[in-house]
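Analysis of the macromolecular model
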Amino acid sequence: MINREYEAWVRDFEAERQRRATVGDPAWTRGAALDPALVRSLQRFQVGEDGDGSALIGKAERAGDPVYAAAVRLFVAEEQNHARMLALLLTAGGAGTLSGHWSDAVFVRLRRLLGLRVELLVLMVAEVVALRYYRAVRDGAPDPLTAEVAGRILADEERHVPFHCRRLREGLSPLPAPVRRCATAAWRALLAGAAVVVAADHGPALRHLGVGRREFTADVIRSSGPLAGAMRTGPGRSPAPAPDESSPVGA
């Protein structure tokens, strides 16, 4: 079954791909002055961005909507571009990348447990945490190249969140209202736990960026309410916006 609403998302992703090609990469040759704590933090986020997305793409294709599946493939390509830019940023700062990290392994295992809905719910945890993290890097990093890369990634994440909200609304809408409320409440609890873990694990980097652990955690949790509402909105109610309908959901 084809949902024509996703044609707008495909156009949005394709337009962004063309814009990236026109603008080109940041000037990597100028180098980056990276604090050691920020290096360790960026390395962990780079691992999280780096993946082929095969499980998500496969589930999207099996969902039976080729337009949505095409949008997911374009989303995955943007995430891979984030990993590429972070790797180049680390290289510009004289650092390398990690082969893996326990936090990414946990998220991958959780995402692959069940079907598309669970995959997207867990993915949304990572996306919402990323919104606050990249905003902290963009606004707090004293190095211009680092701030530019974080700003580019943040702009993409602000488009990704409403894209996933729309699909989750469709996935949850057939369920009874109490079940939808339970599902989104569980998602908010998982997000809160993830925010605490990230704040603890990346605390030194966040301090370098001028953001306290409590502030980071509180901001992530506060952003979850409107997003949960967008995900559980029942049939006939206003869903999360498509890219040509409204501005993206932010943190």
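Further up the page is the structure itself.
Cut-off values and rules
- Residues numbered from 1 in each chain as written.
- Predicted model: local features only at pLDDT ≥ 70, side-chain atom pairs only at ≥ 80, totals over all residues.
- Heavy atoms only, no water.
- Helix = DSSP H or I, 4+ residues; strand = E, 2+ residues; numbered from the N terminus.
- Buried < 20%, exposed > 50% of the residue type's maximum accessible area, 1.4 Å probe, protein only.
- Contact = heavy atoms within 4.5 Å.
- Areas by Shrake-Rupley, 256 points an atom, 1.4 Å probe, with all protein chains shown as cover.
- Salt bridge = Lys/Arg side-chain N within 4 Å of Asp/Glu carboxyl O.
- Phe/Tyr/Trp six-rings, centres within 6.5 Å; stacked < 30°, edge-to-face > 60°.

This part is about the overall build of the chain. On a plain count of helices and strands, the chain comes out with 10 helices and 0 strands. Listed N to C, the secondary structure of the chain is α-α-α-α-α-α-α-α-α-α in terms of helices and strands. Taken across its 251 residues, the chain has 49% of its residues classed as buried. Of the contacts formed within the chain by residues at least 6 apart in sequence, a portion of 83% connects residues at least 24 apart. Carbon together with sulfur atoms contributes 56% to the accessible area of the chain, which is approximately 11,200 Å² in total.

As enumerated under the stated definition, the model contains 17 salt bridges in all. Counted as one network, the salt bridges with shared partners bring together D12, R20, E78, D156 and R159.

What follows deals with the packing of aromatic side chains. One pass over the full model with this rule turns up 9 aromatic pairs. Residues F45 and Y133 carry aromatic rings whose centres are separated by 3.7 Å and whose planes lie at 5° to one another, so their mutual orientation is stacked. Here F45 is found in helix α2 (residues 36-49), whereas its partner Y133 is found in helix α6 (residues 116-140), with 88 residues between them in sequence. Judged by its relative accessible area of 0%, Y133 is buried. Each ring, one from F45 and one from Y134, has its centre 5.7 Å from the other, and the planes form 70°; the classification is edge-to-face. Taken together, the residues F45 in helix α2 and Y134 in helix α6 connect sequence positions 89 residues apart. Here F45 falls in the buried class, since its relative accessible area comes to 13%. Feature note: the residues Y6, W9, F13, Y68, F75 and F163 constitute an aromatic cluster, connected by ring pairs.

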